[in-house]
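Summary of structural features
Spelled out, the chains give:
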Amino acid sequence: MSKKDDVNKWLKRISNARDARDEEKNNRSWTRFLDYYEGKYNISPLDQHMKIIPANYVFGYVHTELARLYFRDPHIAVNPKSMAYIQRAKLAEVALNYLVTELSLKNQITKALIDTFLIGHGWLKYGYSAALGHMETASDVSKTGRRRSKDQPVEEVNDFIKSEEVFVTYVPWEDVVFDVMAKDPPYDCRWVAHRLVKPLEAVKASDMYEGTSSLHSNYTPKDYRGDVDLVEMWEVWDKDSNSLMVVAQGHETFLRDGPNPYQMEGLPFSMLKFNVINNKPYPLSDIGIIEPQFIEKIKLRSMQLNHLKRWNRQVFIEKNAMSQEELAKYSLGIDGAVIQPEPGTIAGNKFFLPSYPPMQMEMFQVDNLIQQDLDGIIGQTQVERGSPAQTRTRTLGEVEMLRAGSLTRANKRQDVLEDFLEEVCKKLLQLFKQFQLIPRYARAIDQDITELQQVLPQSHFDGVGVMFTGEDIQGEYDVEVKVGSTIPLNKENRLRVSEQILKLGPAIGVTPGGPVSRTIGREILRDLDFKEVERAFAEEEAALQQQAQMQQQLLQAQMAQGQPTGGEQPLPGPMTSEPVALPVGGMNGVGGQ
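Residues numbered from 1 in each chain as written. Predicted model: local features only at pLDDT ≥ 70, side-chain atom pairs only at ≥ 80, totals over all residues. Heavy atoms only, no water.

**Here we look at the packing of aromatic side chains**
Applying the stated criterion across every chain yields a total of 18 aromatic pairs. On the basis of an interplanar angle of 15° and a centroid distance of 6.2 Å, the ring pair of Phe117 and Phe274 is categorised as stacked. Here Phe117, found in helix 5 (residues 105-119), pairs with Phe274, found in the loop between strand 9 (269-273) and helix 8 (286-310); they are 157 residues apart in sequence, far enough to count as distant. On the basis of relative accessibility, which here comes to 14%, the residue Phe274 falls in the buried class. With 6.4 Å between their ring centres and 90° between their planes, Trp123 and Phe269 make a pair best called edge-to-face. A residue pair is termed long-range when its members are at least 10 positions apart, and Trp123 in strand 2 (residues 121-128) and Phe269 in strand 9 qualify at 146 residues. The class for Trp123 is buried, based on a relative accessible area of 1%. Classification of Phe269 by relative accessible area gives buried; the value is 1%. Clustering of aromatic rings is evident, with ring pairs tying together Trp30, Trp123, Trp173, Phe178, Phe269 and Tyr282. (Phe/Tyr/Trp six-rings, centres within 6.5 Å; stacked < 30°, edge-to-face > 60°. Helix = DSSP H or I, 4+ residues; strand = E, 2+ residues; numbered from the N terminus. Buried < 20%, exposed > 50% of the residue type's maximum accessible area, 1.4 Å probe, protein only.)

**A look at a nonpolar patch on the surface**
Side chains of Leu284, Ile289 and Ile377 sit close together on the surface and give an oily, nonpolar patch of about 200 Å² of accessible area. Note on placement: Ile289 falls in helix 8. Residue Ile289 is classed as partly exposed on the basis of its relative accessible area, which comes to 34%. (Patch = residues over 30% accessible without salt bridge, like charges linked within 9 Å, V, L, I, M, F, W, Y side chains within 5 Å. Areas by Shrake-Rupley, 256 points an atom, 1.4 Å probe, with all protein chains shown as cover. Salt bridge = Lys/Arg side-chain N within 4 Å of Asp/Glu carboxyl O.)

**Brief notes about the sheet that holds strand 7 (residues 243-248)**
One open sheet accounts for five strands, arranged 4-5-6-7-8; its pairing is antiparallel. The sheet is open, and its two edges are formed by strand 4 (176-178) and strand 8 (256-259), each paired on a single side. Looking at each pair of strands side by side, their axes are set apart by 20° on average, direction ignored. (Pairing = 2+ DSSP bridges. Axes fitted to C-alpha atoms, helices over the stretch in contact; angles between N-to-C directions.)

**A short note on unusual backbone geometry**
Cis geometry marks the peptide bond from Pro185 to Pro186, where omega comes out at 0°. Here Pro186 shows up in the loop between strand 4 and strand 5 (191-199). The phi dihedral of Asn242 falls on the positive side, at around 50°, and the residue is not glycine. Considering the arrangement of structural elements, one finds Asn242 in the loop between strand 6 (230-238) and strand 7. The partly exposed category is assigned to Asn242, whose relative accessible area is 44%.

**Some words on the environment of Asp462**
As for its position among the elements, Asp462 is in the loop between helix 12 (449-455) and strand 13 (465-468). Put simply, Asp462 and Leu452 are 10 residues apart on the chain and 9.7 Å apart in space, counted from C-alpha to C-alpha. A distance of 3.1 Å separates polar atoms of two side chains, one belonging to Asp462 and the other to Tyr441. Engagement of the side chain of Asp462 in a polar contact is seen with the backbone nitrogen of Val464, the distance being 2.9 Å. (Polar contact = N/O pair within 3.5 Å; in protein donor to acceptor, adjacent residues only side chain to side chain.)

**So, the pattern of salt bridges**
Summed over all chains, the structure comprises 22 salt bridges. The salt bridge partner of Glu102 is Arg440, with a shortest N-O separation of 2.2 Å. Pair noted here: Glu102 is in helix 4 (residues 86-102) and Arg440 is in strand 12 (residues 440-443), with a separation of 338 residues, a long-range link. Salt bridges sharing partners connect three or more residues here, namely Arg18, Asp175, Arg195 and Glu232.

**Describing the environment of Phe117**
Under the relative-accessibility criterion, Phe117 is labelled buried at 0%. Each C-alpha atom of the pair Phe117 and Asp286 lies 5.2 Å from the other, and the pair is 169 residues apart in sequence. For Phe117, the residues in contact, after removing those within four places along its chain, are Tyr61, Val62, Glu65, Leu66, Leu69, Phe274, Ser285, Asp286, Ile287 and Arg413. (Contact = heavy atoms within 4.5 Å.)

**Brief notes about the side chain of Glu232**
Of note, Glu232 is situated in strand 6. Overall, Glu232 belongs to the buried group, its relative accessible area being 10%. A polar atom in the side chain of Glu232 sits 2.7 Å from the side chain of Arg195. Residues contacting Glu232, with those up to four places away along its chain left out, are Arg18, Arg195, Leu196, Val197, Asn218, Tyr219, Ala248 and Gln249.

**With respect to the pairing of strand 12**
Alternating positions in strand 12 separate cleanly, Arg440 and Ala442 being buried on one face and Tyr441 and Arg443 remaining unburied on the opposite face. Across four bridges, strand 12 lies against strand 13 in antiparallel orientation. Bridge assignment links Arg440 to a residue of strand 13, and that residue is Phe468.

**Points about the sheet that holds strand 3 (residues 166-171)**
The three strands lie next to each other as 3-2-9, forming an open sheet whose pairing is antiparallel. Two strands lie at the open edges of the sheet, namely strand 3 and strand 9, each paired on one side alone. Averaged over all neighbouring strand pairs, the angle between strand axes comes to 25°, with direction disregarded. Summarising the sheet, strand 2 and strand 3 pair through six bridges and their orientation is antiparallel. Following the sheet pairing, Trp123 is matched in strand 3 by Val171.

Structure (structure tokens):
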């Protein structure tokens, strides 16, 4: 088979996969859900008869769910699968926790989550930017002593993708297609294709593409106002041949055709999804599940407002009682307009304003029932969306029970998201193992400094952060995301947890005035923002530490001089409750005088 036939084969596969995805998009109404998020509600035929009040429930739902699931970057634990990798695992853990922040993972996950809520799934892509051009090895660096500055990637023009850097980036759903036989993408995909739109001149000038002399512009976006010629390409990652290819419609040869540059397990893509349908590649959208309920709520709101305005819109008037010009002014309802009816029409009762019955109370009852259905389906309460709790018919305890019930649903989703984040971190760790060829510094974030000092040598840990290369973190590990580390822990929750720990203190061995209780006290004062009290607390702690040091020094001096170190300590006798005096050194008197 010729190269031209191979290119056409891949273009045909991509076209078929794109058609399959677009069919799913139309059947599931993804475009309509995206419009809802922007506040565009086209509710026919209702909007032909009254003004629609587009209460944007979709926007509120999405951002409530974002805050519930991913408020902070996760805390990652790297556990070695062998005792030989303890130091390496700790290095990898510090590096991952720092680089998750440096690589702006939160921004990328947030974008993927928004897609997931709206259309059912979101995509992330991984890589090493320099590998998209010249492929470097450890021997390349050892020979030259530096990294190449050539072959800067035009693959991604993105603030979150730096030159010669491991990256993880969000990819819009319309830019990804995959093997049409897949049922659980990307895990069972034989290939995945990523759509790229780049300036034609940049592609021709790049060393990462070949055979570009005959390449022509083949793409013009809708409403495009730029003056740059663009080319649409497809980057194909084929699992069967473990290769990376780039093809473009209208171009007969591969723009790139070579081995997959990454050693990571699977393809360099991840799909985030919550509402999985067995044996179907695309999951359900959250918005698609609750669309009937919030559309009915919007209709009810519009009907209520329309009823209130109706008395001011409809009037019966005898023919010729008002000229067409005056009728037009009346119809517009402009404040301050002077309207002149025909003489005698007012006195002759030529006008009649119809009276309408009051709004039916059933309408409000139906509104509450729909809201209950909505809350039950999506697992969010009105309190979580920022609305006041309805306590006239429920006690505060019942409201708290309802909130606790919704947390069970949220915890299930939290678990799915944490599994997804573990996959993200595993792929990032594999990339660092392969491409971090020169030493890199990572600051220790939310790590136990004492533990790091005990585990890591000074050559790697300087008391603030670690220095590492890909060779330093080679090994086999389990990567885990600390449960609940991405959800918000606000001041009220922290204070409540601290209070519970203090109450449990005596039962679990926490002594008043001890290190644990004083640490909790310090955190409580910091949360309450009592600066003066916090400062006094710190001074008291410093004085106690100084006093303890002085006592220790005095004790050591007495022991060095052979003096008694505190007299005798009473212990209970074996058969009575009376104390028995023993020397400080123990039962045999060793160490005492």
